[in-house]
Amino acid sequence: MARDLDAVDRGILHALQENAREATAAEMAEAVGVSASTVRNRIDRLESAGVIRGYHPDIDYERAGFQLHVFVLCRVPPAERSALAAELLELSGVVRVRELLTGTETLHVEAVATESAAVDDLLTDITDLGVEVVSSDIVRATHVQPFNHFGADQGPDR
């Protein structure tokens, strides 16, 4: 269910995207111009509504010993996409699977590995599921920023 977000909600979401671990209710309240209790209540409502689905660490896989970050584009029949996505998530090293509604490569698999042999094994496991691998690439770097429409300049009077 979609939820209409006001400027306070957007400001809170922006702050959480920047650094959910260290963002305090008091700091967010000051930034968006409401009380800390209002921020806590808003976060509770955003979580209950499913807008905020969790708080996940941003892991540097290379520093964690997984120096190969792999991105695999796959082609599958649309009717099998969701079931195959669930199966792909069970494969060793897979950290994320994206289902796309458009285009020809409708499953994007993100995985990590310690060596090239593990990448080869992963690609074999993917094809053994009946998934066509269109391409596979080693990721050099990923750059992320908070969604700009949840801007820092949000608040009741902004």
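Analysis parameters
Residues numbered from 1 in each chain as written. Predicted model: local features only at pLDDT ≥ 70, side-chain atom pairs only at ≥ 80, totals over all residues. Heavy atoms only, no water. Helix = DSSP H or I, 4+ residues; strand = E, 2+ residues; numbered from the N terminus. Buried < 20%, exposed > 50% of the residue type's maximum accessible area, 1.4 Å probe, protein only. Polar contact = N/O pair within 3.5 Å; in protein donor to acceptor, adjacent residues only side chain to side chain. Contact = heavy atoms within 4.5 Å. Expected span 1.5 Å × (residues − 1). Patch = residues over 30% accessible without salt bridge, like charges linked within 9 Å, V, L, I, M, F, W, Y side chains within 5 Å. Areas by Shrake-Rupley, 256 points an atom, 1.4 Å probe, with all protein chains shown as cover. Salt bridge = Lys/Arg side-chain N within 4 Å of Asp/Glu carboxyl O. Lys, Arg positive; Asp, Glu negative; His and termini not counted. Charge placed at Lys NZ, Arg CZ, Asp CG, Glu CD. Axes fitted to C-alpha atoms, helices over the stretch in contact; angles between N-to-C directions. Parallel < 35°, antiparallel > 145°, perpendicular 65-115°, else oblique. Pairing = 2+ DSSP bridges.

1. So, the side chain of histidine 108
Relative to the assigned elements, histidine 108 resides in strand β3 (residues 107-113). Accessibility expressed as a relative area gives 15% for histidine 108, which makes it buried. Among the polar contacts made by the side chain of histidine 108, one reaches the main-chain carbonyl oxygen of glutamate 105 at a distance of 3.2 Å. Other than its neighbours up to four places away in sequence, histidine 108 contacts Phe71, Val72, Leu73, Arg96, Val97, Arg98 and Leu100.

2. Considering helix α1 (residues 7-19)
Spanning 13 residues, α1 covers 19 Å between terminal C-alpha atoms, matching the ideal 18 Å at 1.5 Å per step. At the N-terminal boundary of α1, the capping side chain belongs to aspartate 6, with an oxygen 3.1 Å from the backbone nitrogen of valine 8.

3. Describing a negative patch on the surface
A surface patch of like charges, here negative, comprises Glu115, Asp120, Asp121, Asp125 and Asp128. By secondary structure assignment, the location of aspartate 125 is in helix α5 (residues 116-128). The partly exposed category is assigned to aspartate 125, whose relative accessible area is 33%.

4. As for the packing of α1 against helix α3 (residues 36-48)
Interhelical geometry of α1 versus α3 gives an angle of 85° and a closest axis separation of 10 Å. Compared by their axis directions, α1 and α3 come out roughly perpendicular. Contact with α1, carried on its side by Val8, Asp9, Ile12, Leu13 and Leu16, involves Val39, Arg42, Ile43 and Leu46 of α3 and no other residues of that element.

5. Overview of the sheet that holds strand β4 (residues 132-138)
With respect to topology, 4 strands assemble into an open sheet ordered β2-β3-β1-β4, the strand pairing being antiparallel. Each edge of the open sheet carries a strand with a single partner, namely β2 (94-99) and β4. The sheet shows a mean angle of 20° between the axes of neighbouring strands, taken without regard to direction. Here β2 pairs with β3 via 5 bridges, running antiparallel. Bridge pairing in β3 links arginine 96 to glutamate 110. Here helix α4 (residues 81-89) sits on the sheet and contacts β2 and β3; the angle it forms with β2, its principal contact strand, is near 170°. Seen against the sheet, α5 touches β1 (68-75), β2, β3 and β4 and runs at an angle of roughly 20° to β1.

6. Observations regarding the pairing of β3
The buried fraction of β3 amounts to 7 of the 7 residues, a majority that puts the element mostly inside the structure. In terms of strand pairing, β1 meets β3 through 7 bridges, oriented antiparallel. Across the sheet, the residue bridging to cysteine 74 is leucine 107, located in β3.

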